[in-house]
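If you want the building blocks of each chain, they are given just below.
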Amino acid sequence: MSTNTKECLLKFLTSAKPYLAVIFLQIGYAGSAIIAKTALNNGMSHYTFAVYRNVIAVVVFAPCAALLERKIRPKMTLSIFWKIMLLGLLEPVIDQNLYYVGMKYTTATFATAMCNVLPAITFLLAWILRLENVNIWKMPSQAKIVGTIVTLGGATIMSLVGGPTIGLPWTKQHHNVSTTTSSTSPTELNPVKGALFIVAGCFCWACFYNLQAITLKKYPAGLSLTSLICMAGALQGTALTLVVQRGNSGIWSLHWGSSKFFASLYCGIVNSGIGYYVSGLIMNVKGPVFVTAFNPLGMVIVAILGSFILSEQLNLGRVVGAAVIVIGLYLVIWGTSKDDQKSSKNLSTTEDGEPVDKELTETKSSNQTVIGDESV
C-alpha cells in the first residue's frame, strides 16, 4: 500500500469517526427504547428507573474517570458545580421521567419517532446561544430554519393523525399475543398526552446538550463530567422519588435477573454512561446539533425491533408524520453541513495565509538587515 493511499485512508477514517460514533450511539438508544418499554409494561416505576440507571452509570464509570483522568481533571469551581447540578436535573431527572411517562401512554416506536423533534429544538437553542451560525439571507441557514418548522409539523402529524393500520406479516401473526401480554391496554394509550410529555422532555434534553457543550469548554474531562452528571441526577432523582412516591416503598424493589434489572443495567451503561461521554466527544468536533441529527436512524431501528419484539402496529398517520420529520431533519443537516464546509474553507484560507504573511515578514526583515549591513 502506497504512502498516499495510507494517508487518504487515514484521513477518511478520521473524518468518519464522528459519523460512526453517532450511528453506534443511535443503535444503542434504539435497543434501550425496546428494553425500557418492556420494563415499564412489567410495572416498573419510571421514577426509580431513572434513579437506578444513573446509579449504575456512576458505579461503572466513576472508577474509570478517577483512574484515567486524574492528571487532566480541572479544579472544581462554583460555576462548574452549578452547571453540573443543572445538567443532572435537566436530562437524568426531568427528561427521563417525562420521556418514560410519555412512553407509557404510547409505544416504543411512537416515543422514538417523537424524539425526532430534538434536533430542531437543539438547533433553535444553539442559535439563541450562538453555538450555531445562522444567516437568514444564506441558503444553508434558510434550509435549517425551514427544516425546523417541517420537523415540528411532522411531530404534530404523528400525534394527531391516525389512519388505517399498516399490517405487517410478523405483526399480524402476533397481534393476538400482543393484546394479552402488554400491560398497557388500548384504552390507556393516549398519543396526544404522550406526545406532550415527550416533547417537553426533548426540550430539557436539548437544553442539556447545549449546556453540556458549554460546560465541556471549561471542564474537558469527559468521563469525570459524565460521572458527576449521573451522580447529581441520581441524588436529585432520589429526592424527587421520595417526595412524589412517599409511602410507596414497593417501587424500589429490583430483583436480580428481572427485566427491570436488565433495563436499568443496559440504560445505565449505554444511555447514561456511554451516551453522555460519546456525545460529548462528538460535540467537541461537530457541535450539539450534529449529535442529535441522526435520530431518524434510531426511529427506523425501533420501528423494526418494536414490530418484531413488541408486536407494535403502525398506522398511516405515524408513517406520514415520521416521513415529514425525516425530510425536515435532513434539511437541517444539509444546511449545517454546508455551513461546516464554509467554515472549514475559511479556516483553511486563514491557515494558508499565515505562513505566507510570516514568510513575507521574515523576508522583509532580512532585507532590512542586509541593507543596514551594506550601509555600514
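Now for a description of the structure that goes with this document.

Basis of the calculations
Residues numbered from 1 in each chain as written. Predicted model: local features only at pLDDT ≥ 70, side-chain atom pairs only at ≥ 80, totals over all residues. Heavy atoms only, no water. Helix = DSSP H or I, 4+ residues; strand = E, 2+ residues; numbered from the N terminus. Buried < 20%, exposed > 50% of the residue type's maximum accessible area, 1.4 Å probe, protein only. Contact = heavy atoms within 4.5 Å. Patch = residues over 30% accessible without salt bridge, like charges linked within 9 Å, V, L, I, M, F, W, Y side chains within 5 Å. Areas by Shrake-Rupley, 256 points an atom, 1.4 Å probe, with all protein chains shown as cover. Salt bridge = Lys/Arg side-chain N within 4 Å of Asp/Glu carboxyl O. Axes fitted to C-alpha atoms, helices over the stretch in contact; angles between N-to-C directions. Parallel < 35°, antiparallel > 145°, perpendicular 65-115°, else oblique. Left-handed = near helix turned anticlockwise from the far one by under 90°. Nonpolar A, V, L, I, M, F, W, Y, C, P; charged D, E, K, R; others polar. Phe/Tyr/Trp six-rings, centres within 6.5 Å; stacked < 30°, edge-to-face > 60°. Lys NZ or Arg CZ within 6 Å of the ring centre and 35° of its normal.

**Let's talk about the overall build of the protein**
In terms of regular secondary structure, the protein is built from 14 helices and 2 strands. Within the protein, buried positions represent 45% of all 376 residues. By sequence separation, contacts in the protein at least 24 residues apart represent 90% of the contacts at least 6 residues apart.

**Quick look at a nonpolar patch on the surface**
Taken together, Met 76, Leu 78, Phe 81 and Trp 82 make up a surface patch of nonpolar side chains, about 460 Å² in accessible area. You can see Trp 82 is positioned in helix α3 (residues 78–105). Judged by its relative accessible area of 55%, Trp 82 falls in the exposed class.

**Re the packing of α3 against helix α10 (residues 222–244)**
Their axes nearest at 7 Å, the elements α3 and α10 cross at an angle of 60°. Classified by the angle their axes make, α3 and α10 are oblique. Note on packing geometry: the crossing formed by α3 with α10 is right-handed. Taking contact as the criterion, the partners of Ile 84, Met 85, Leu 87, Gly 88, Leu 89, Pro 92, Val 93 and Asn 97 in α3 are, on α10, Leu 225, Leu 228, Ile 229, Ala 232, Gly 233, Gln 236, Gly 237 and Leu 240. A per-class count over the contact of α3 with α10 returns 11 nonpolar, 5 polar and no charged.

**Focus: the packing of aromatic side chains**
Throughout the structure, instances matching the rule amount to 13 aromatic pairs. Where Trp 205 meets Tyr 209, the ring centres are 5.8 Å apart and the plane angle is 20°; that geometry is what we call stacked. Taken as a pair, Trp 205 and Tyr 209 lie in helix α9 (residues 191–218) at a separation of 4 residues, close to a single helical turn. Like Trp 205, the residue Tyr 209 is buried in the burial classification. Geometry around Phe 290 places Lys 286 over its ring, the cationic atom sitting 5.6 Å from the centre.

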